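Descriptive structure summary
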Amino acid sequence: MRASDLKPIVALTAMLAALPLAVRMNNYYVLLLTWILYYSTLVTAWNVIGGLAGQLDLAAASYIGLGAYTMGTLLTRLDVTPWVGIPLGGLVAAGFAALVGYPTFRFGLKEAWYALATISSVVVLQKLFLVWEGVGGPEERYLPARYGELYYLRFRGYAPYYYILLAVLVMVLLLNVKIRRSKTGYYLLAIRENEEAAEILGIDVRKYKLRALLIYAFVTGCIGGIFALISGYLHPHHFDTWTSLQVAILGIVGGAGVGSIYSLPATTFIIYSISELLRSTLGGWIPGIHLIFYGVILTVVVLLKPEGLSETYERLYGRIRAALLRRRAGGG
Amino acid sequence: MLELLLQNLVNGILMGCVYALVALGLALQFGVMDIINFAHGEFVMIAMYLVFWISLYLAIPGSLTSLIVAPIYFVFGLVVYKLVIDRIVGTYPLAQIAATIGLMVLLRNLALAAWRAQPRGLQYEVLRGSVTLGPVVVPISRLTAALVSVGTMLALHWFLTHTRLGLALRATSDDMQAASLLGINVRRMFALAFGLGCAIIGIAAAFIMTFQQVNPESGLTWGLISWIIVVMAGLGGVSGVLLSGLILGMVEALEITFWDPRASLAVMYSLFILILWVKPRGLFGRR
Amino acid sequence: MTEAEALLRVRGVTKRFGGIVALDRVDVDVYEGEILGMIGPNGAGKTTLFNVVTGYYPPDSGKVIFRGEDITGRPPHEIAKLGISRTFQVVKPFLGLTVEDAVRVGAYNRLSDEAEVERRVREILEFMGLDRLRDRLCRDLNIVQIKQTAIARALATDPKLLLLDEAAAGLNPGEVDDLIELLRRVNREMGVTLWVVEHVMRFVMGISDRIVVLHYGEKIAEGPPEQVAHDPKVVEAYLGAEVVI
Ligand SMILES: Nc1ncnc2c1ncn2[C@@H]1O[C@H](COP(=O)(O)OP(=O)(O)OP(=O)(O)O)[C@@H](O)[C@H]1O
Ligand SMILES: [Mg+2]
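A quick note: this is a predicted structure, and the numbers were derived from the prediction, not measured. (Residues numbered from 1 in each chain as written. Chains lettered and ligands numbered in written order. Predicted model: local features only at pLDDT ≥ 70, side-chain atom pairs only at ≥ 80, totals over all residues. Heavy atoms only, no water.)

Turning our attention to the overall build of chain C. The secondary structure content of chain C amounts to 9 helices and 10 strands. Its C-alpha atoms give chain C a radius of gyration of 18 Å, within 12% of the compact-globule value 18 Å for 245 residues. Based on the C-alpha atoms only, the size of chain C along its principal axes is roughly 50 × 40 × 35 Å. Looking at chain C residue by residue over its 245 residues, the buried ones come to 55%. A separation of at least 24 residues holds for 65% of the contacts in chain C among residues at least 6 apart in sequence. Accessible surface, chain C: about 10,500 Å² in total, of which carbon and sulfur atoms supply 49%. Averaging the positions of the 31 positive and the 38 negative side-chain charges in chain C gives two centres separated by 3 Å. (Helix = DSSP H or I, 4+ residues; strand = E, 2+ residues; numbered from the N terminus. Rg over C-alpha atoms; globule rule 2.2 N^0.38 Å. Buried < 20%, exposed > 50% of the residue type's maximum accessible area, 1.4 Å probe, protein only. Contact = heavy atoms within 4.5 Å. Areas by Shrake-Rupley, 256 points an atom, 1.4 Å probe, with all protein chains shown as cover. Lys, Arg positive; Asp, Glu negative; His and termini not counted. Charge placed at Lys NZ, Arg CZ, Asp CG, Glu CD.)

Helices and strands together make up the secondary structure of chain B, namely 11 helices and 2 strands. Along chain B, from the amino end to the carboxyl end, the secondary structure elements read α-α-α-α-β-β-α-α-α-α-α-α-α. Scaling as 2.2 N^0.38, a compact globule of 287 residues should have a C-alpha radius of gyration of about 19 Å, and chain B matches this with 19 Å. Overall, the C-alpha framework of chain B stretches about 60 × 45 × 35 Å when taken along its three principal axes. A buried classification covers 59% of the 287 residues belonging to chain B. When contacts within chain B are restricted to residue pairs at least 6 apart in sequence, those whose partners lie at least 24 apart make up 76%. Counting every atom, chain B has about 11,700 Å² of accessible surface; 68% of that belongs to carbon and sulfur. Charged side chains of chain B number 16 positive and 11 negative; the gap between the two group centres comes to 9 Å.

What follows covers the sheet that holds strand β9 (residues 210-215) of chain C. Residue and element names in this part refer to chain C. Here we have 6 strands laid out as an open sheet, ordered β6-β7-β8-β3-β9-β10, and mixed in their pairing. Here the strands that pair on one side only, and so sit at the sheet edges, are β6 (84-86) and β10 (218-223). Ignoring strand direction, the axes of neighbouring strands in this sheet form an average angle of 20°. Here strand β7 (residues 161-165) runs beside strand β8 (residues 193-197); their pairing, made up of 5 bridges, is parallel. Residue pairing for β8: Asp165 is matched across the bridge by Val197. (Pairing = 2+ DSSP bridges. Axes fitted to C-alpha atoms, helices over the stretch in contact; angles between N-to-C directions.)

Let us now look at the coordination of the magnesium ion (ligand 2). Residue and element names in this part refer to chain C. Thr47 (OG1) and Gln89 (OE1) make up the full set of protein donors to the magnesium ion (ligand 2), lying at 1.9 to 2.1 Å. Here Thr47, found in helix α1 (residues 46-53), pairs with Gln89, found in the loop between β6 and α3 (99-107); they are 42 residues apart in sequence, far enough to count as distant. For Gln89, a relative accessible area of 37% gives the class partly exposed. (Donors = N, O, S within 2.8 Å, 3.2 Å for Na, K, Ca; no water.)

With that settled, the discussion passes to the nonpolar core. Core analysis: the largest hydrophobic core is formed by 268 residues, its most contacted members being Tyr63 and Trp113 of chain A, Phe38, Phe43 and Ile85 of chain B together with Phe203 of chain C. In terms of residue count, the dominant contributor to this core is helix α8 (residues 186-208) of chain B (16 residues). Both domains that meet at this core, namely domain 1 (1-83 + 159-245) and domain 2 (94-158) of chain C, each give it at least three residues. If we skip the residues at most four places from it in the chain, Phe203 of chain C touches Ala168, Val176, Leu179, Ile180, Leu183, Val196 and Glu198 of chain C. (Core = buried A, V, L, I, M, F, W, Y, C linked by side-chain atoms within 4.5 Å. Domains from an automatic or database assignment.)

Moving on, we get to the interface of chain A and chain B. In this complex, chain A contributes 48 residues to the contact, which on the side of chain B involves 45 residues. Here chain A meets chain B over a buried area of about 3,900 Å², counting both sides, of which 78% is carbon and sulfur. Across the salt bridge formed by Arg262 of chain B and Glu133 of chain A, the nearest N and O atoms sit 3.9 Å from each other. The tally of links between chain A and chain B comes to 3 residue pairs in polar contact (both at pLDDT 80 or more). Split into classes, the residues belonging to the side of chain A that touches chain B amount to 31 nonpolar, 11 polar and 6 charged. (Buried area = accessible area lost by both parts, 1.4 Å probe. Salt bridge = Lys/Arg side-chain N within 4 Å of Asp/Glu carboxyl O. Polar contact = N/O pair within 3.5 Å; in protein donor to acceptor, adjacent residues only side chain to side chain. Nonpolar A, V, L, I, M, F, W, Y, C, P; charged D, E, K, R; others polar.)

Time to look at α3 of chain C. Burial analysis of α3 of chain C places 9 of its 9 residues in the buried class, which makes it a mostly covered element. Burial in α3 of chain C covers these residues: Val99, Glu100, Asp101, Ala102, Val103, Arg104, Val105, Gly106 and Ala107 of chain C. On its buried face, α3 of chain C is in contact with α6 (159-180) and α7 (183-193) of chain A together with α4 (114-128) and α5 (143-156) of chain C.

Now for the sheet that holds strand β2 (residues 20-31) of chain C. Residue and element names in this part refer to chain C. Strand order across the open sheet formed by 4 strands is β2-β1-β4-β5, with antiparallel pairing between neighbours. Only two strands of the sheet have a single neighbouring strand rather than two, namely β2 and β5 (69-70). Judged from the 5 bridges that link them, strand β1 (residues 6-17) and strand β4 (residues 61-66) form a sheet pairing that is antiparallel. Counted as the bridge partner of Leu8 is Phe66 from β4.

Here is the structure:
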């Protein structure tokens, strides 16, 4: 990893770490920021499969749900600490991902099948956990209310979770940068651009797609465990197709794999804030207005700017920089 | 137990025909322009609402609304084709998928905003009652729906094999470039396929409403069922779609008999993954 | 030359698509160090033969043997590891990658040490005259540059045998001459055996040591360029076609 790769991460971390203080730890805003950070980590993890490997994965909620149930069940039944339960949840999610990915990543199979198989998996797991009374069932299963103990990782406010998620985001960003600069990263990009050409350059397309999927599913499963700690209970509706769609939409609109990785948290920040604003102002009259907004923005961006918004940010950033430099030059 | 199984199997076969009809539109679009419409299930759901409202305001039986909804949906299909699909044919596969997913999210949430999550069922319907055949009770509504489904499929099959337009559609599906060299306007064929696919949804929706309710979430289930059938059928033509629908209906019947009805989607899904695993080109595909 | 010396042996390969017999019991030998040309009218089965050799289609019958090893039905990435690479008639560029990165992807085929990869990429870019385009996205290249990049990334995999499917199509006469010059150097300086499919006769006659002719999936002639050009079967196959030998 190069020093130039680390600089933006350090800057971003410092900025994000200061944000809750900037809103004076106001509960509503900290909660809002926590959700923004939650989606940012998910989208940034999604970049590995969606951006680098170019596979439209819509199973984020499957991995989240599996991670949540694994961690939560171990915690409530066997008193296993989330420190262990969270990574185990990641492994379970990765195992499930392999089951879906192995057949659908066969060389030469249509891209659409993978998207279909992944989004369907969310619906199916939700139904299965409803039926599977031993672990799931239609009742909420609450996590132990042992607040403030590090063993249980349960907290009353949202700020601790915000900082946990911030740590996760930094790790996921580093992971992305590391993969992008490695052989695996170049191979994934080649696969995304043209699978057939990639094969004859010596790339085992299925193996590398699976590798990307397992990394992504593991991370997302871990985030699912954290999600369960934040929400405080387990329920089959944690397998939520909407979450999957939202992650993919934010990834596509943010230009995953095209421009800088930082455009993903940036897009999440902007779009989530707008949608939250819409929900809190117009949501009373038009329920689901914020969700309609996601549909509109995705369709419009795909039709008009298929490469996503990352380039737009870069141009904007370039212009701001130029303006600043000009002013400095004029001043000095 | 045997009686229950028999009853469920008959239901499964009837439902299988309906499933096949719902998937037929998607299969036609996929075959001709190689695009999977992720909003397909949402199209079905919206059509069901249309059936509900038309039946309510015109005070006519739901089954009769198919005569109105099918042409409306044909035009709807042409409009969606012009606005969205036409711009994405032949582009990046990812962009194609993403665009119709945008449509899916949009339609689903518009429906939620307009009609809330409350399920709606028909008020006027003539297809009531049932016939009893030995131990098996067959509801007239489901029987009619199955018969109409098979009839519509036969009609489409005839259209594809016996008319100039149908042959042009098939030529486009077989080899787009060759078709355009023969002077076929490929884009026109795409629009036609999309419109026809939607009209078929219109017919299906009217008859499904005679025995089911609709809510904004129904779209995903109908989408899933249609996708499974298309994967199973491969590029296997109308008969492949019908057979796949029947298989799916019977698998569901067996599942309901021996396990939990709430898990039927899960079993169908396992079938989907299994087929991708062992026969990725479908059970009935020519290619 | 004896059979034992052949780098690649294609034996009795048949490939059908539905009713069409695209390849009908085709035998071809490619000898180490040579430039073998392959011609034939449209639809003769040239691309299909390349697809069978490089593992994209399994043949219905017949064998492909590379350096004494049976590689029939192996997937393309394994074949690449064994030392065969190719370009495509329908160019399949990595549009979103820079020229340098496209070449780097190829270089990883045999090398894993980053410094060695870096060196190989630089070498290939210089050899191909692509160094000034290294940071350009393939999306922004013209067709000649795209085709050069396709050859460059294939060469980066360090192949023993390189299959070129209509590399000269769409080039003007000057560019064709440059390509001939370049491929001769690839053959001589890098020691890569070449098997080229081409419709541009100027190119194929100018560069090939030997020529194989396919027609309706059958091999109808084989030999030195002058001999093949005057073979009555070949003349007949091309009769009425726009390409005149
Ligand atoms: N994937 C495929 N499916 C069906 N038919 C195919 C397929 N690939 C090739 N064919 C058929 O096989 C025959 C040989 O085609 P091929 O592309 O190998 O010819 P070619 O010699 O490369 O022609 P050209 O000079 O036009 O490139 C043709 O009739 C073609 O239509
Ligand atoms: Mg060819």
